[in-house]
Amino acid sequence: MDKFTRPTGTQDLLPAEQPYWEYVTSSAAATARRFGYERIETPIFEATGLFARGVGGATDIVEKEMYSFRDKGDHALTLRPEFTAGVVRAYIENGLHTLPKPVKLFSLGPIFRYERPQAGRFRQFHQFNAEIFGIQDPLADLETMLLAWDLYAGWDFKGLAFQLNSTGCPVCRPTFSAALRDYYQSHLHEICEDCKRRLETNPLRVLDCKQERCQPVIAGAPQSIAHLCEECSTHFTSLRSYLDALGRPYTINPRLVRGLDYYTKTVFEVWAEGIGAQAAVCGGGRYDGLIELLGGRPTPAVGFAAGLERIILVMKAQGLTPPALPVPPVFIAFSGDAARATAVRLVVDLRAAAIGAQIAMGGSLKAQLRQADKAQARFVFIIGEDELARGEVNFKDMATGTQLTVALGTAAAQVSQALAAC
Ligand code: ATP
Ligand code: MG
């Protein structure tokens, strides 16, 4: 028989990992709600054309990384390689533009990219994503950055820092792209083949090339912030002054460009200590052109996406441990057939009283008690035939070792009282 293994670049998130996932997802949602964001869930797959247009044909994501397929109805579909295009599609399709602005939305879920798997890089991974629609003021950029910051600060991340850049808008970007192309023309023999191609299709992308040979060329390249139009320059200055006033540290990083075509003005990342080359734990920026590009009314927008696997990687590298997940406090052990029926009735009654409880499913009494210990049950009912004949059960506090004999009819009340005293 063939043995099946999980597809390359995917993970089984086993129970031992779940405290991290529960902690990260629930606190991200709680922090977003504290900022006034509401949750939106969009499909995991969308029309391929949505991503081709919304992410941009000349990006690595669309060129190389999409999981695209045709379904039985011959529809061209793609597993989402990011959230924003789908969220914008939903914003337009459901008329969310008629809501008072800003519209603030967050999402959590799996993302798919055909990448070369390595530490912190998977083919199925998870993102927390947040967007603000309808606000041109740099205050929306600031709020977006502050949400990203508060997420990581809330998890006690050390070595947090913003990386910040502005890549301009359709008015000033062409001048910058031209300057970049001019500069690269005189360095063509020093750069990789991908960058030669990018120069034609999406010149800004040469700046985040990871190839060794391109690094010295990138270091000497012209910078976008020196080519901003007045509007973009003012926007950038006011965002910086907000950050300065709050004392949030940031570094202007002229290499910071998003791999996506629709970003305008602000681009940022949050960096954290502990994962070396994969230092970016989240990335985002403004994308004023996207809603119109996807068929909506012109609408300014700003957002970011955070990779949950990288968050968890940093938590582990920094020695941060999530709270333990709750376990049922009660375990019911029994011996004999008569006791079994009583045990089943008791477990059902306890759950009906909203008390977490599990029942032994076999083994000697001794083995059942070991199981109760392993399940970290605080209280154990031991139902033996002799006690049962007297209408009684044993009730053991596993933390103190004390054991009482209680009337069967008072069992639920006994646990409630004991739990209240914990
Ligand atoms: P990178 O430069 O690391 O490839 P990116 O620019 O492709 O990142 P975005 O598209 O902005 O990243 O996605 C936002 C976040 O999602 C990243 O900061 C990272 O935390 C996470 N991320 C991106 N790609 C992967 C992946 N293949 N596996 C796990 N997490 C990822
Ligand atoms: Mg990438």
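Residues numbered from 1 in each chain as written. Chains lettered and ligands numbered in written order. Predicted model: local features only at pLDDT ≥ 70, side-chain atom pairs only at ≥ 80, totals over all residues. Heavy atoms only, no water.

### Concerning the domain arrangement of the protein
And step 1. With domains assigned, the protein is organised as domain 1 (15-172 + 228-317) and domain 2 (330-421).
And step 2. The gap between the C-alpha centroids of domain 1 and domain 2 is 49 Å. (Domains from an automatic or database assignment.)

### What to know about the pattern of salt bridges
And step 1. Evaluation of the coordinates by the stated rule reveals 23 salt bridges.
And step 2. Residue Asp74 is joined to Arg70 by a salt bridge in which the shortest nitrogen-to-oxygen separation is 3.4 Å.
And step 3. Several salt bridges converge on common partners, so that one network encompasses Asp60, Glu63, Lys64, Asp194, Arg197, Arg198, Arg205 and Asp208. (Salt bridge = Lys/Arg side-chain N within 4 Å of Asp/Glu carboxyl O.)

### Re the sheet that holds strand β5 (residues 103-112)
And step 1. Ordered by their spatial adjacency, eight strands build an open sheet running β1-β5-β6-β11-β10-β9-β7-β8, and the pairing between neighbours is mixed. Of all strands in the sheet, those with a lone pairing partner are β1 (38-39) and β8 (250-252), marking the two edges.
And step 2. As judged from the seven bridges shared by strand β6 (residues 124-133) and strand β11 (residues 301-307), these two strands associate in the antiparallel manner. Across the sheet, Ala130 pairs through a bridge with Phe304, a residue of β11.
And step 3. Of the strands in this sheet, β5 and β6 are in contact with helix α4 (residues 84-93), which crosses β6 at around 45°. (Pairing = 2+ DSSP bridges. Helix = DSSP H or I, 4+ residues; strand = E, 2+ residues; numbered from the N terminus. Contact = heavy atoms within 4.5 Å. Axes fitted to C-alpha atoms, helices over the stretch in contact; angles between N-to-C directions.)

### Section: the packing of aromatic side chains
To describe a pair of aromatic rings, one takes the distance between the centres and the angle between the planes.
And step 1. Throughout the structure, instances matching the rule amount to 15 aromatic pairs.
And step 2. An angle of 15° between the planes, with centres 5.3 Å apart, marks the rings of Phe379 and Phe395 as stacked. Taken together, the residues Phe379 in strand β14 (residues 379-383) and Phe395 in strand β15 (residues 392-397) connect sequence positions 16 residues apart.
And step 3. The exposure class of Phe379 is buried, given its relative accessible area of 2%.
And step 4. In this structure Phe395 comes out as buried when scored by relative accessible area, which is 4%.
And step 5. Directly above the ring of Tyr37 sits Lys104, whose terminal nitrogen or CZ lies 5.6 Å from the centroid.
And step 6. Stacked on the ring of Tyr20, the Lys or Arg Lys316 has its end atom at 4.9 Å from the ring centre. (Phe/Tyr/Trp six-rings, centres within 6.5 Å; stacked < 30°, edge-to-face > 60°. Buried < 20%, exposed > 50% of the residue type's maximum accessible area, 1.4 Å probe, protein only. Lys NZ or Arg CZ within 6 Å of the ring centre and 35° of its normal.)

### So, the site of ligand 1
And step 1. Taken together, 16 residues lie around ligand 1, and Arg113, Glu115, Arg121, Phe122 and Arg258 are the ones closest in.
And step 2. Within the side chain of Arg113, an N or O atom sits 2.8 Å from an oxygen atom of ligand 1.
And step 3. Measuring from an oxygen atom of ligand 1, one finds a side-chain N or O atom of Lys210 at 3.4 Å.
And step 4. Starting from 580 Å² of accessible surface for ligand 1 in isolation, the protein chains cover 86%.
And step 5. Counting residues per element, the ones that place at least two in the shell around ligand 1 are β6, β10 (280-286) and β11.
And step 6. When grouped by side-chain class, the residues that make up the shell around ligand 1 number six nonpolar, four polar and six charged. (Near = heavy atom within 4 Å. Polar contact = N/O pair within 3.5 Å; in protein donor to acceptor, adjacent residues only side chain to side chain. Areas by Shrake-Rupley, 256 points an atom, 1.4 Å probe, with all protein chains shown as cover. Nonpolar A, V, L, I, M, F, W, Y, C, P; charged D, E, K, R; others polar.)

### A closer look at the packing of helix α5 (residues 138-154) against helix α9 (residues 230-246)
And step 1. Contact geometry of α5 with α9 gives a least axis separation of 9 Å together with a crossing angle of 45°. Comparing their axes, α9 and α5 come out oblique. Two packed elements cross with a definite hand, and for α5 against α9 that hand is right-handed. Contact with α5, carried on its side by Pro138, Leu139, Asp141, Leu142, Met145 and Leu146, involves His235, Ser238, Leu239, Tyr242, Leu243 and Leu246 of α9 and no other residues of that element. (Parallel < 35°, antiparallel > 145°, perpendicular 65-115°, else oblique. Left-handed = near helix turned anticlockwise from the far one by under 90°.)

### Details of the sheet that holds strand β13 (residues 357-359)
And step 1. In spatial order, the strands read β13-β12-β14-β15-β16; together these five strands make up an open sheet with mixed pairing. The strands lining the two open edges of the sheet, one partner per strand, are β13 and β16 (403-407). Strand-to-strand twist in this sheet, taken as the mean axis angle between neighbours without regard to direction, amounts to 25°.
And step 2. Of the strand pairs in this sheet, strand β12 (residues 330-334) and β13 are connected by three bridges, and their pairing is parallel. Each residue of the ladder has a partner; that of Ile332, found in β13, is Ile359.
And step 3. Packed on one face of the sheet, helix α12 (residues 337-352) meets β12, β13 and β14 and runs near 160° to β13.
And step 4. Contacts from helix α15 (residues 411-421) reach β12, β14, β15 and β16, with the element oriented near 160° to β14.

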